[in-house]
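# An overview of the molecular structure
Residues per chain, in single letters:
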Amino acid sequence: MSTLTQETPGAVGTPADRAAGLGFARYLVVRFLLIIPTVLILVSLVFLLMRLTGDPISAAFGDRLTPDQLQAKLHQAGYDRPLLTQYLDYLRSLATGDFGRTVTDNQPVTHVLGTYGAATVELACYALLVALVIGVPLGMVAASYRDRAPDAVLRLFAILTYATPVFFVGLLLKLVFAIRLGWLPASGRASTGVQLFLQDQTSTTGVYLIDALRSGDGTAITDVLRHAVLPGLALGLLVAGVLLRLVRTNLIGTLSAEYVEAARSRGVAPLRLVTRHATRPALIPVVTVLGLQVAGLLGGAVLTETTFEWRGLGYELAHYLTVRDFPAVQGIVALFAVVVAVTNFLVDVVAALIDPRVRY
Amino acid sequence: MTDLLRIEELHVDFATDTGAVPAVRGVNLSVAPGEVLALVGESGSGKTVTARSVLGLLPDTATVRGRVLLGAGTSEPGEDVLTAPAARLRALRGTHAAMVFQEPSTALNPVFTIGWQLTEGLRAHGRGGSKAERRALAVDWLDKVGIPDPATRVDHYPHQLSGGQKQRAVIAMALALDTRLIVADEPTTALDVTVQAEILELLHRCRTDFGTAVLLITHNMGVVADLADRVAVMRAGQVVEQAPVRDLFAAPAHPYTRKLLAAVPHFGTGGRAGPQTADVQAQHVVRASGLVVDYPGRLGRKGFRAVDGVSFEIRPGEVLGLVGESGSGKTTIGRAIAGLTAVTGGQLELFGEPLTRNSRKPRTAGRIGYVFQDPATSFNPLLTIAESIAEPLVVHRRELGAQEIRAQAESLLEAVRLPRAYADRYPHELSGGQRQRAGLARALALRPRLLIADEPTSALDVSVQAKVLDLFGELQRELGFAALFVSHDLAVVEQVADRVVVLHRGRIAEEGPTSQVLGSPQDDYTRRLVAALPVPDPVRQARRQQHPVEEGVAGS
Amino acid sequence: MALVLARRLPLRLRTGAGVQRAMLLTGLVLTGLFVLTALLGPLLAPHGYAQLRDGGGLFGSQQHPSGAHPLGTTISGYDVLSRTVWGARTALLIIVVALLLSVVPGTVLGLVSGYLGGKLDRLLVGLADALYAFPPLLLAILMSLVISGGRSSLVGGLGAAACSVAVSFIPQYFRVVRAEVIRVKGEPFVDAARVIGTGPWRIMTRHVLRNSVRTLPLIFTINASEAILTLAGLGFLGFGIEPNSAAEWGYDLNRAVADVTAGIWWTAIPPGLGIVLTVLGTTLLGEGLTDLADPRLRRRTGAPTLPTDGGGDDD
């Protein structure tokens, strides 16, 4: 679920504020180092929470094995050791890129991450594209027509996209465009034939659109794109609404700033005031807050992938959760944590780059 | 020659939740080419609204009646800003009249270069030819307003310029469109006095070098005396008096003008009356030696040394004035004495006891009163005035009991000439001056031996300032407390202080009896400070401009 | 704050700009309807949430809407209308419990951490920032696994869901309150209290706390929305409340996924609309309150030059 709280006044200081006067290079280093504690905290938290529920072996097989068999399995996997030892061991293997093995289908977790990660990345990219294309221009329109009809309609639209759970949007889209109208496929990342064809390609990226484009096969490209429309739209609308509101709020702020008034007093036309003078300063906080949306985007991805049977990490996560395969869950969630921390770093860097007060 | 600007029967109302509020009520004004008309008045007088209406910059909530006519100075001004179509209004903005704002750092867009912002005006009016030519023009104008190294500065962002340079850039943006009239809204209020002098000089040059007329909005009578040809005095949305500057200062006709001029502290016209009560032999209230205060840097940033080896003392019953420009460390010293800011180095003795980091709270709490700069924010908005004034008593003298505390709070209100009925009001229900009186009452609740007043009148209008300063003086004589009076305003300090310490970048530039330091300054920086202060007397101010050094010192 | 709002609300309703007034009113009406439905659920719903049969025998599975079942029945044979109405009750319960569980620890931690600063503050901020960056839904899933192993009875299930939602809110309250506390701490009136020699505890409770919770009512409405959405997300992924413990919209939507593929609309739309309208109501209410409280975003506030500070010293 995405959060609106991030617009609450005073909750977020812009990275620009923090970076001002520090020197850009220095800021980069300091900000980069801040990733480490964040990831550490999250990974530890996930470890702790998962262990509070018991050990993975009992969770997955508890009802199918005798106590002796269970004990043997537990000992073999090292779950009878002290928690601290297990924790340090876990951190050590994480640091070397070893995420452990899944319990239910006994494959390396890294293999799961590698296989399904690309699908989630692909979905997230479609969603971000949708969000940017819809959210930014509409936010600018809403701010320029503040408190008049277009603004009211757009605000309502933004609130609706927020109020509608992403899986309900998905179900509605499916119901209308896939089932009733039959225009688009209801689920999956590609038709079975295309999927097999793409997997047969030499050196695949796992991102179907790229693979299809590389194969140059027209049918494959259309098929992949047709499958992408509904999930991309469902997840994208969620972020688009937040983006629209953010752009609107910040643009209203900068449009009433004195420097815009000053430009107006020199005869600059209203359209240019919005597109040039007010937009760039408004984007700095927008970019920052958008970075925090990555967390919401990942949460939304889990739901969207489940709705559309889009076999990405979110779909797999839901699956492993239902079969109580904790090492797999732990691995996927840890990866999400790293992704969030790294994106937030990148976003802070971008925000700082837009702001000359940081660069010089 | 005919007028550039003529305002006829201007009325402006603002729509609010509680109905229409009139801001301007029937103003008539005109500005001739090359003329400087000063529009003076206190806050809420409608001067800024009048100025903004010249460029049609009023918010949507404003309802406007009357006519605001702009012309090129060659024929009668014929274009009414208030009724002009949007496109025509845009064409008039910047070319027929241009605006200079109070706060240059908010009037410049932080994410675009100075040069880009300057050429935006040219671009909007289709002037200056190609992009390269416009840029050359921008460099040229930055040079003309006295920005050093304009070819480099043109590519700089606002935060890379000093406050004075920013204001120069804003003025360059106005001049670049060959405007005949500059509307300057408090153009020097946000600046230090030495920078103010430079900007005033530049505005003088706007008229002499470029023939530009200026509509100057200000509350500062010194600035008026320095720059204006004619003065219009506004009060409650109306112009009460208009006169040539020398006539106005010499013989103000309207009672309000007389009151206003009387309230302005006249620098160089004598200091505090009465003998010094200080006993040189007595124990010092404050003794600082080699005081150092650093503000630590965050996140690996370098720290900032606000106070750098300052030594001074305050004797019992003495008022010490601490003056300096922004960043001089004057407020930091006050906060350090009050224990609000940690001392980094040196010694600080309060009431004869050394103040160390660990011992500050128990010993000095309740023995120091503090009056803050902004009366609006120095009261907890959720407590009544009586509750706020009673806080010191509740904390330190709880044994008195609720009734006695309440009675004392009420008598404190009386001591600062506030009616008892105000006790149960909330801070936002009081005016600025009343709040500052209540601030004095709270500071004096425990009868402290030392009062620290940090710019106590700088947020107030001049007539209110005069009353608060009088009250301060009376109470000080009556109660005999020592005081540290922090201010940027030399005229105010001259009025209240026995001795003065002049601070410059965290160090003491000069120290001594008030009349000596401000009357015949020895230090270069103090001289500059004194010379830069415009006196509210056009005749004397004109003399000072010609002979800055001799006339910088106290007149008569 | 609450007082100020209470004083300003009627005024706003009367004179506020059209759009804002319409939004606030719609929010009030929708939220009112939601609360009423939740409270009067047992009277409004034709059947119980876990009822499969009545005098006429079993309801039957996936029945079309009809006189007996205005919105049809689900694949498990529940009456859709009844479950949708009962769902409001669950949602309200979760909102109330989740807010209670999160606002108190969040506020206290934010106040102490923000005012005292130092190492504790840095530790808590690091923790809150990390948690804040974590997808709230995933955190809620993990919590629900910890608390109930994922599924359980009415009290256990509801409690687990509420706790799971609450955990992801604590960092939000913490951040907001702490930011406010730090802002208020810099205000001269707090300095004034320090100069007097007021102790930190008295400053925190008397001067800082009440001035720092002004924005909380707005966050309540936002978090009410989020509580519903997170609960629905949990339910949709199968970590919610069992159907015979309570009716929960997200769970019903989960069961409706297969129906949609089969073209059956009536099992998905009612619980979905339940979520949408409830969240819409609380969000509009929150927006309206924000408009009231944030002068920067208000249009028809006082004129720029209303005589306020420094103006006059009437005596």
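Residues numbered from 1 in each chain as written. Chains lettered and ligands numbered in written order. Predicted model: local features only at pLDDT ≥ 70, side-chain atom pairs only at ≥ 80, totals over all residues.

## Digging into the overall build of chain B
Looking only at helices and strands, chain B features 22 helices and 20 strands. Taken over C-alpha atoms, the radius of gyration comes to 26 Å for chain B, in line with the 24 Å a tight globule of 556 residues would show. Projected onto its principal axes, the C-alpha coordinates of chain B cover approximately 75 × 55 × 50 Å. Long-range pairs, those at least 24 residues apart, make up 68% of the contacts in chain B between residues at least 6 apart in sequence. (Helix = DSSP H or I, 4+ residues; strand = E, 2+ residues; numbered from the N terminus. Rg over C-alpha atoms; globule rule 2.2 N^0.38 Å. Contact = placed C-beta atoms within 7 Å.)

## Description of the overall build of chain C
Helix and strand counts for chain C come out as 11 helices and two strands. Listing every helix and strand of chain C by position from the N terminus yields α-α-β-β-α-α-α-α-α-α-α-α-α. Counting across all 315 residues of chain C, residues that qualify as buried make up 57%. Looking at chain C alone, contacts between residues at least 24 apart form 70% of all its contacts between residues at least 6 apart. (Buried ≥ 20, exposed ≤ 12 C-beta atoms within 10 Å, placed from the backbone.)

## Things to note about the nonpolar core
Proteins that are soluble and globular tend to have nonpolar side chains buried together. Among the nonpolar cores identified, the biggest contains 352 residues, and Leu-215, Leu-216 and Phe-485 of chain B are the most heavily contacted of them. Of the residues forming this core, the biggest block, 18 residues, is contributed by helix α14 (residues 270–308) of chain A. Leaving out residues up to four positions away in the same chain, Phe-485 of chain B has contacts with Val-319, Leu-320, Gly-321, Leu-322, Ala-453, Val-493, Val-496 and Ala-497 of chain B. (Core = buried A, V, L, I, M, F, W, Y, C linked by C-beta atoms within 7 Å.)

## Let's talk about helix α7 (residues 163–175) of chain B
All names here are of chain B. Between its first and last C-alpha, α7 extends 19 Å over 13 residues, near the 18 Å set by a 1.5 Å rise per residue. The buried fraction of α7 amounts to 12 of the 13 residues, a majority that puts the element mostly inside the structure. Taken as a whole, α7 has its buried residues at Gly-164, Gln-165, Lys-166, Gln-167, Arg-168, Ala-169, Val-170, Ile-171, Ala-172, Met-173, Ala-174 and Leu-175. (Expected span 1.5 Å × (residues − 1).)

## Here we look at the sheet that holds strand β18 (residues 482–487) of chain B
Residue and element names in this part refer to chain B. Across the sheet, six strands lie side by side as β16-β17-β18-β13-β19-β20; this open sheet has mixed pairing. With one partner strand each, in any of the chains shown, β16 (368–371) and β20 (507–513) form the two edges of the open sheet. The average undirected angle you get between the axes of adjacent strands in this sheet is 15°. Where strand β13 (residues 319–323) meets β18, five bridges bridge the pair, whose relative direction is parallel. Following the sheet pairing, Val-319 is matched in β18 by Ala-483. Running at roughly 165° to β16, helix α16 (residues 432–444) makes contact with β16 and β17 (450–454) of the sheet. (Pairing = 2+ DSSP bridges. Axes fitted to C-alpha atoms, helices over the stretch in contact; angles between N-to-C directions.)

## Thoughts on the environment of Pro-327 of chain A
Residues and elements named next belong to chain A. By the element assignment, Pro-327 lies in helix α16 (residues 326–354). Measuring from C-alpha to C-alpha, the distance between Pro-327 and Phe-99 comes to 7.9 Å, with 228 residues separating the pair along the chain. In contact with Pro-327, not counting residues within four places along its chain, are Pro-56, Gly-100, Arg-101, Thr-102, Val-103 and Val-109.

## Observations regarding the environment of Val-146 of chain C
Along the chain, the position of Val-146 of chain C falls in helix α5 (residues 136–148). Sequence separation of Val-146 of chain C and Ser-164 of chain C is 18 residues, and the distance between their C-alpha atoms is 9.3 Å. For Val-146 of chain C, the residues in contact, after removing those within four places along its chain, are Leu-49, Leu-52 and Thr-53 of chain A.

## Things to note about the domain arrangement of chain B
Residues and elements named next belong to chain B. In terms of domains, chain B is made up of domain 1 (1–96 + 180–267 + 533–555), domain 2 (102–178) and domain 3 (286–530). One C-alpha centre belongs to domain 1, the other to domain 2; they are set 24 Å apart. Taken together, the 16 residues of domain 1 in the interface contact 15 residues of domain 2. When residues of the side of domain 1 that touches domain 2 are traced back to their parent elements, those giving at least two are β7 (181–185) and α8 (193–210). (Domains from an automatic or database assignment.)

## Here's the deal with the confidence of the model for chain B
Residues at a pLDDT of 70 or more form 92% of chain B, whose mean pLDDT is 86. Averaged pLDDT values over the elements of chain B bottom out at 48 in helix α22 (residues 548–552) of chain B and peak at 93 in strand β9 (residues 230–235) of chain B. (pLDDT = per-residue confidence, 0-100.)

## Details of the interface of chain C and chain A
Between chain C and chain A, the residue contacts involve 56 residues of the former and 51 residues of the latter. Listed by contribution, the elements that provide at least two residues to the side of chain C that touches chain A are α4 (118–132), α5, α6 (154–185), α9 (216–236), α10 (249–261) and α11 (269–293) of chain C. It is α9 of chain C that contributes the most residues to the side of chain C that touches chain A, 10 residues altogether. In the side of chain C that touches chain A, the residues fall into 35 nonpolar, 12 polar and nine charged. (Nonpolar A, V, L, I, M, F, W, Y, C, P; charged D, E, K, R; others polar.)

## Considerations on the UniProt feature "transmembrane region" (unreviewed entry) in chain C
Residues and elements named next belong to chain C. Taken from the UniProt record, the annotation "transmembrane region" (unreviewed entry) applies to residues 21–45, 91–116, 123–147, 153–174, 216–241 and 264–290. Taken end to end, residues 91–116 has its terminal C-alpha atoms 37 Å apart, with 100% of it in helix and 0% in strand. Helix makes up 81% of residues 264–290 and strand makes up 0%, while its end C-alpha atoms are separated by 40 Å. (UniProt positions renumbered as here; feature names shortened; annotations may be inferred.)

## Brief notes about the packing of helix α4 (residues 114–124) of chain B against helix α5 (residues 131–144) of chain B
Residues and elements named next belong to chain B. One can describe the packing of α4 onto α5 by two numbers: an axis separation of 9 Å at closest approach and a directional angle of 115°. Read as a crossing pair, α4 and α5 show a hand that is right-handed. From α4, Gly-115, Leu-118, Thr-119, Leu-122 and Arg-123 reach across to α5, where they touch Arg-134, Arg-135, Leu-137, Ala-138 and Trp-141. When the residues that make up the contact of α4 with α5 are grouped by side-chain class, the tally is five nonpolar, two polar and three charged. (Left-handed = near helix turned anticlockwise from the far one by under 90°.)

## With respect to the packing of helix α7 (residues 109–144) of chain A against helix α15 (residues 313–322) of chain A
Residue and element names in this part refer to chain A. Two elements in contact, α7 and α15, have axes separated by 7 Å at closest approach and are oriented at 130°. Considering their axes alone, α7 and α15 lie oblique with respect to each other. Side by side, α7 and α15 meet where Val-112, Leu-113, Tyr-116, Gly-117 and Thr-120 of the first sit next to Leu-313, Gly-314 and Glu-316 of the second. Residues that form the contact of α7 with α15 fall into these classes: four nonpolar, three polar and one charged. (Parallel < 35°, antiparallel > 145°, perpendicular 65-115°, else oblique.)

## Things to note about helix α14 (residues 385–396) of chain B
An α-helix turns once every 3.6 residues. As a result, residues three or four positions apart point the same way. For α14 of chain B, the set of buried residues is Ile-385, Ala-386, Ser-388, Ile-389, Ala-390, Glu-391, Pro-392 and Leu-393 of chain B. Buried positions along α14 of chain B lie against α15 (402–415) and α16 of chain B together with α7 (188–196) of chain C.

## Remarks on the sheet that holds β9 of chain B
All names here are of chain B. Read across the open sheet, the six strands follow the order β6-β7-β8-β3-β9-β10; overall the sheet is mixed. Looking along the sheet, the strands with just one partner apiece sit at the ends: β6 (98–100) and β10 (238–244). With strand direction ignored, the average angle separating the axes of adjacent strands in the sheet is 20°. Note: strand β3 (residues 36–40) against strand β8 (residues 213–218), five bridges, orientation parallel. Note that in β8 the partner of Leu-39 across the bridge is Ile-217. Here helix α11 (residues 255–263) sits on the sheet in contact with β9 and β10, set at roughly 100° to β9.

## What about the pairing of strand β1 (residues 5–16) of chain B?
Residues and elements named next belong to chain B. One ladder, built from eight bridges, connects β1 with strand β4 (residues 62–70); its direction is antiparallel. Among the inter-strand pairings, His-11 is bridged to a residue of β4, identified as Arg-65. In terms of strand pairing, β1 meets strand β2 (residues 19–31) through 10 bridges, oriented antiparallel. Following the sheet pairing, Leu-5 is matched in β2 by Val-31.

## Section: the pairing of β4 of chain B
For β4 of chain B and strand β5 (residues 79–80) of chain B, the ladder comprises two bridges, and the chain directions are antiparallel. When the bridges of β5 of chain B are listed, Leu-70 of chain B appears paired with Glu-79 of chain B.

## A look at unusual backbone geometry
A positive phi angle is found at Glu-309 of chain A, which is not glycine, with a value near 45°. Structurally, Glu-309 of chain A can be placed in the loop between α14 and α15.

## A look at the environment of Arg-449 of chain B
Residues and elements named next belong to chain B. On the secondary structure map, Arg-449 appears in the loop between α16 and β17. Each C-alpha atom of the pair Arg-449 and Leu-55 lies 53 Å from the other, and the pair is 394 residues apart in sequence. Aside from chain neighbours lying at most four places away, what touches Arg-449 is Val-285, Phe-351, Arg-367, Phe-481 and Ala-482.

## Here we look at the confidence of the model for chain C
All names here are of chain C. Averaged over every residue, the pLDDT of chain C is 74; the share at 70 or more is 76%. Predicted confidence in chain C is weakest over helix α1 (residues 2–15), with a mean pLDDT of 44, and strongest over α7, with 87. Here residues 1–16 is modelled with pLDDT under 50, and outside its nearest four sequence neighbours on either side it reaches 15 contacts, counting other chains as well. Across residues 294–315, where pLDDT falls below 50, the model places 56 contacts with residues more than four positions away in sequence or in other chains. Across the whole predicted complex the pTM is 0.79, and at the interface the ipTM reaches 0.81.

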